[in-house]
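# Architecture and fold: a report
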Amino acid sequence: MGFNCGIVGLPNVGKSTLFNALTATAQADSANYPFCTIEPNAGRVTVPDHRLAMLAGLASSAQIIPTHLEFVDIAGLVRGASKGEGLGNKFLSHIREVDAVCHVLRCFDDGEITHVEGGVDPLRDNEIVETELLLADLEAMERRFKTTEKRAKGGDKDARTQLQLLEPVVAVLRDGRPARTADISEDQRADFVQLQLLTSKPVLYVCNVDESSAASGNTHTEAVRKMAAASGAATVIVSAEIESQIAQLEDPNDSAEYLAELGLRDTGLSKVIQAGYELLQLITFFTVGPKETRAWTVAGLATAYDAAGRIHTDFQRGFIRAETIGYDDYVKYAGEVGAREAGRMRQEGRDYKIADGDIILFRFNV
């Protein structure tokens, strides 16, 4: 499982500039006009984790392999996108494929950069995008509901079960609320995810600010923070312009010095990664050995059996046990041998819930 995040927003809010900076590429063409991104650009970035170097050093690993996340830059939406305006439904479909939505909101004033709505108002911009996603979901679910209802009336038992899922979803959409607010039971969760609704995705609001507001925000970002908190969404403040400058610095020390001068501790990328992992409830476990130390990403409720399948289907199919050491114990006892001798290696079964930082050796037989 990876962190696959679609970057959305109105045209000219800084989406492509942010994408280029976060991925340190020039795949997306940033320009001061709408729809400069014609195809969704994807970029993978390394997830920084200080634990990798420590583990690799203790195990004398020949190679370090971090985990990655993927950003997808999706063309700007406009009013009427759900009805085909602008680039329309083509790009709404791209949003359906991501795990989370990274919604960039313009939170800076600059008369030289055109705003498609005539002025800066991030709450209005959010409402426009949210409305278009909601209308697209409602149209799709209304059609599906009618078809399923007809089958249910004809005695189709599967259709009756599907209606139990569709009814609360259609109800919240008709009420103007996103699908993620529907009352869905745990038993229905997998089927709900399969609906691939645009408004079911977790949302991370990225407030794109000018350099002077990067450290403490401004009135725009405060308004977004309050709006996001009310809906249970996360918010980060990022200056796409600053990130662009950092992306050009090759020496990490230069980057750190530049951030310090601006009163910042972390890059925008680090903020987005941390917020994204919390939003999707992701955790990291490690496999460590002389050949490589490697980070793996799984959902927070993943079992040892799930984690084994993340590495290879054979690990899962022939699962015997997971020999597990917590990160702190691995470091404290200077590696696997010391932890084992100290009695800190645990023999876990397939139902064991993975903890963030676990070092795991899977035993399997196929």
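On a predicted model such as this, the values are computed, not experimentally measured, just so you know.

This part covers the side chain of His 103. Residue placement: His 103 occurs in strand E5 (residues 100–106). Polar side-chain contacts of His 103 include one of 3.4 Å to the side chain of Asn 126. Setting aside its immediate chain neighbours within four residues, His 103 contacts Val 8, Gly 9, Asp 125, Asn 126, Val 129, Val 203, Leu 204, Tyr 205 and Val 206.

Take the environment of Gln 196 next. Position of Gln 196 among the secondary structure elements: in the loop between helix H6 (189–194) and strand E6 (203–208). Take Gln 196: its relative accessible area is 37%, and that puts it in the partly exposed class. With 59 residues separating them along the chain, Gln 196 and Asp 137 place their C-alpha atoms 9.2 Å apart.

One finds Phe 71, Ile 95 and Val 206 to be the most contacted residues of the largest nonpolar core, which totals 53 residues. Of all hydrophobic cores here, the second largest spans 19 residues; its members include Ala 159, Leu 173, Ala 182 and Phe 192.

Backbone geometry at Asn 12 places phi at a positive 65 degrees, although glycine is not the residue there. Relative to the elements of secondary structure, Asn 12 occurs in the loop between strand E1 (3–8) and helix H1 (15–23). Positive phi is not limited to glycine here, since Ser 60 has a value of about 50 degrees. Within the secondary structure, Ser 60 sits in the loop between helix H2 (50–59) and strand E3 (64–65).

What follows covers helix H5 (residues 157–174). The first and last C-alpha atoms of H5 sit 25 Å apart over 18 residues, in line with the 26 Å expected at 1.5 Å per residue. Elements that come into contact with the buried residues of H5 comprise helix H4 (122–153) and H6. Measuring from the backbone nitrogen of Asp 158 back to the side-chain oxygen at the start of H5 gives 2.9 Å, which picks out Asp 156 as the cap. Where H5 ends, the next residue or the one after it, Gly 176, has phi of about 80 degrees, a positive value.

What follows covers the packing of aromatic side chains. In this description, an aromatic ring pair is defined by two values, namely the gap between the centres and the angle between the planes. For the structure shown, the criterion picks out six aromatic pairs. By way of ring pairs, the aromatic residues Phe 285, Trp 296, Tyr 305, Phe 315, Phe 319, Phe 362 and Phe 364 are connected into one cluster. One cation-aromatic arrangement involves Arg 51 over Tyr 327; the distance from NZ or CZ to the ring centre is 6.0 Å. For the cation-ring pair, Arg 174 lies above Phe 145, with the distance from its terminal atom to the ring centre recorded as 5.8 Å.

Another point: the environment of Ala 299. Note on placement: Ala 299 falls in strand E9 (residues 293–299). A C-alpha to C-alpha distance of 6.1 Å links Ala 299 and Gln 281, two positions 18 residues apart in sequence.

Further remarks concern a negative patch on the surface. Residues Asp 109, Asp 110, Glu 112, Asp 210, Glu 211 and Glu 241 make up a contiguous surface patch of negative charge. Among the secondary structure elements, Glu 241 is positioned in helix H8 (residues 240–247).

Across the protein chain, the average pLDDT comes to 86, with 89% of residues at 70 or higher. Ranking the helices and strands of the protein chain by mean pLDDT puts helix H13 (residues 327–332) first, with 98, and helix H3 (residues 89–95) last, with 65. In the predicted structure, residues 25–38 sits below a pLDDT of 50 and forms 39 contacts with residues beyond four places in sequence or in another chain.

This brings us to the environment of Phe 364. Mapped onto the elements of the fold, Phe 364 is located in strand E12 (residues 359–364). Take Phe 364: its relative accessible area is 33%, and that puts it in the partly exposed class. Remark: the alpha-carbon pair of Phe 364 and Phe 319, spanning 45 residues in sequence, is separated by 4.4 Å. Setting aside residues up to four positions removed in sequence, Phe 364 forms contacts with Asp 314, Phe 315, Gly 318, Phe 319 and Ile 320.

Enumeration according to the criterion identifies 17 salt bridges in this entry. Put simply, Arg 51 and Asp 49 hold a salt bridge, and the shortest N to O gap is 2.9 Å. The buried category is assigned to Arg 51, whose relative accessible area is 12%. Between Arg 363 and Glu 323 there is a salt bridge whose closest N-O contact spans 3.2 Å. Here Arg 363 is found in strand E12, whereas its partner Glu 323 is found in strand E10 (residues 319–325), with 40 residues between them in sequence.

Within the fold, Ser 213 resides in the loop between E6 and helix H7 (219–231). A distance of 3.3 Å separates a polar atom in the side chain of Ser 213 from a polar atom in the side chain of Asn 218. What Ser 213 contacts, discounting residues up to four positions off in sequence, is Asn 218 and Ile 237.

Along helix H9 (residues 252–261), the residues that are buried comprise Ser 255, Tyr 258 and Leu 259. An end-on view of H9 places all buried positions within 100 degrees of arc, on one side of the element. Facing away from the buried side of H9 by over 90 degrees, the exposed positions are Asn 253, Ala 260 and Glu 261. Next to the buried residues of H9 lie H8. Where H9 begins, the side chain of Asp 251 points an oxygen toward the backbone nitrogen of Asn 253, at a separation of 2.8 Å.

Procedures and definitions
Residues numbered from 1 in each chain as written. Predicted model: local features only at pLDDT ≥ 70, side-chain atom pairs only at ≥ 80, totals over all residues. Heavy atoms only, no water. Helix = DSSP H or I, 4+ residues; strand = E, 2+ residues; numbered from the N terminus. Polar contact = N/O pair within 3.5 Å; in protein donor to acceptor, adjacent residues only side chain to side chain. Contact = heavy atoms within 4.5 Å. Buried < 20%, exposed > 50% of the residue type's maximum accessible area, 1.4 Å probe, protein only. Core = buried A, V, L, I, M, F, W, Y, C linked by side-chain atoms within 4.5 Å. Expected span 1.5 Å × (residues − 1). Phe/Tyr/Trp six-rings, centres within 6.5 Å; stacked < 30°, edge-to-face > 60°. Lys NZ or Arg CZ within 6 Å of the ring centre and 35° of its normal. Patch = residues over 30% accessible without salt bridge, like charges linked within 9 Å, V, L, I, M, F, W, Y side chains within 5 Å. Areas by Shrake-Rupley, 256 points an atom, 1.4 Å probe, with all protein chains shown as cover. Salt bridge = Lys/Arg side-chain N within 4 Å of Asp/Glu carboxyl O. Lys, Arg positive; Asp, Glu negative; His and termini not counted. Charge placed at Lys NZ, Arg CZ, Asp CG, Glu CD. pLDDT = per-residue confidence, 0-100. Arc of directions from axis to C-beta.

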